[in-house]
Amino acid sequence: MKRILTIQDISCVGKCSITVALPIISAMGVETAIIPTAVLSTHTMFKNFTCKDLDDQIAPITKHWMDENIKFDAIYTGYLATADQIDMVIDVFNNFKNDDNFIIVDPVMADNGKLYPAFDMNFVKEMAKLCGHADIIMPNITEAAFMTGMEYKEEYDEAYIKEMLGKLADLGAKKCLLTGVGFNLDKTGVYGYDSVNNEYCYYENDKVDAMYHGTGDIFASTYTGALMNDFSWKEAMPIAADYTAKCIKSNVEDKDGCWYGVNFEKEIPYLLKRLGKI
């Protein structure tokens, strides 16, 4: 069985980050180890949430694993609580990276043209540095605009997206996936670029008129799990995109669907069928 490490926060209620990554990737037949970057009572869309940074735990955890000679087939990062944690995560990369595994970075920090309230431009600079250590990165358009210095646009053409992907690749990652890309109002998708082979790939779904927290985590986790099931970087894109869209649609159609996340649990059987596991 393959083993991945995911590094991101635990939102105890909220269907995002580790509480999404751990069940999805595990259900896909991949052992999932974790390094929590922080523990939050809920995700940040709730009011009055509590948050405890776990900076002081990252180095001791990784040292113990090194002492035990534990290895990983992939390392996947999501939400990081502070800029200081980024250097700690780079140390994790340096300690566990080898010729046979790969690093995936989802640079969670912004959406809809704005940084999340906890972050500033120094965090953007540090996150761009982290992306330079990755094999695959998957920002949304807002995050990509901040890291590349390009103007954020809500209306754009393919030339704009390809320029953005090229500038993302200049950060150092071999493959860049840009999420939330839609060239028509009723479509949304993911545009990928393999800078080594100068190869592009685009996949889109019908856009559901709803927005929920954690859908990017569902996409990134599913994409990572698909790679660990030996799908290529291009084959993993529709698997992750379709499952994410399925979860959103399921929540919209569920009269008891929660406002703070989507029904990813209910749709895991669909995902396993898509992988050919059931």
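Anything mentioned here points back to the structure above.
One structure accompanies this document, and this report is about it. (Residues numbered from 1 in each chain as written. Predicted model: local features only at pLDDT ≥ 70, side-chain atom pairs only at ≥ 80, totals over all residues. Heavy atoms only, no water.)

1. Some thoughts on the pattern of salt bridges
Note the cut-off: Note on definitions: salt bridges are taken to be side-chain nitrogens of Lys or Arg within 4 Å of carboxyl oxygens of Asp or Glu. Numbering of helices and strands runs from the N terminus, with a helix taken as a DSSP run of H or I at least four residues long and a strand as a DSSP run of E at least two residues long. Note on classification: 1.4 Å probe, protein chains only; a residue is buried when its accessible area is under 20% of the maximum for its type, exposed when over 50%, partly exposed between these limits.
Considering all chains together, one arrives at 12 salt bridges under this definition. For the salt bridge of Glu-126 with Lys-129, the shortest nitrogen-to-oxygen distance reads 2.9 Å. Here Glu-126 and its partner Lys-129 are both found in helix H4 (residues 121-131), 3 residues apart, which amounts to about one turn of the helix. Exposure remark for Lys-129: the relative accessible area of 34% places this residue in the partly exposed category. Via salt bridges that share partners, Asp-87, Glu-126 and Lys-129 belong to a single interconnected network.

2. As for the sheet that holds strand S10 (residues 187-194)
Sheet strands line up and pair through hydrogen bonds in the backbone, either parallel or antiparallel. Note the following rule: Pairing between strands is defined by DSSP: at least two bridges between them are needed. Whether two residues touch is decided by their heavy atoms; if any such pair falls within 4.5 Å, the residues are in contact. Angles here are taken between N-to-C directions and fall from 0 to 180 degrees, while the axes themselves are lines fitted to C-alpha atoms, restricted in helices to the stretch in contact.
The strand order S3-S2-S1-S4-S5-S8-S9-S10-S11 describes an open sheet built from 9 strands, whose pairing is mixed. Unpaired on one side and paired on the other, strand S3 (51-53) and strand S11 (199-206) mark the two borders of the sheet. Packing of helix H3 (residues 83-96) onto the sheet brings it into contact with strand S1 (3-13), strand S2 (31-42), strand S4 (74-77) and strand S5 (102-105), and relative to S4 it is tilted by some 170°.

3. Remarks on the packing of helix H7 (residues 215-228) against helix H8 (residues 233-253)
Counted only if it meets this: Working rule for handedness: look at the near helix, and if it is turned counterclockwise from the far one by less than a right angle, call the crossing left-handed; if clockwise, right-handed.
Two numbers describe how H7 lies on H8: the axes approach to 8 Å, and their chain directions differ by 140°. Considering only the axes of H7 and H8, their crossing is right-handed. Every residue of H8 that contacts H7 at Thr-215, Ile-218, Phe-219, Thr-222, Tyr-223, Ala-226 and Leu-227 is listed here: Trp-233, Ala-236, Met-237, Ile-239, Ala-240, Ala-241, Tyr-243, Thr-244 and Ile-248.

4. Structural notes on the packing of aromatic side chains
Basically, it comes down to this: Working definition: a ring pair exists when centres of Phe, Tyr or Trp rings (six-membered ring for Trp) sit within 6.5 Å. Plane angles under 30 degrees give stacked, over 60 give edge-to-face, the rest tilted. Cation placement over rings: the criterion is NZ of Lys or CZ of Arg within 6 Å of the ring centroid and within 35° of the ring normal.
Inspection of the entire model under this criterion finds 16 aromatic pairs. Ring geometry for Tyr-156 against Tyr-160: centres 5.7 Å apart, planes inclined by 20°, an arrangement best described as stacked. You can call Tyr-156 buried: its relative accessible area is 17%. Tyr-160 sits in the buried class, given a relative accessible area of 5%. Look at Trp-259 and Tyr-260: their rings are 5.6 Å apart centre to centre, the planes differ by 90°, and that puts the pair in the edge-to-face class. Classification of Tyr-260 as partly exposed rests on a relative accessible area of 22%. An aromatic cluster is defined as three or more aromatic residues linked by ring pairs; in this entry it consists of Tyr-156, Tyr-160, Phe-183, Tyr-191, Tyr-193, Tyr-200 and Tyr-202. Just above the ring of Tyr-200 sits the side chain of Lys-162; from NZ or CZ to the centre is 4.5 Å. Cation over ring: Lys-246 sits above Tyr-270, and NZ or CZ is 5.3 Å from the ring centre.

These figures come from the coordinates and say nothing about function on their own.
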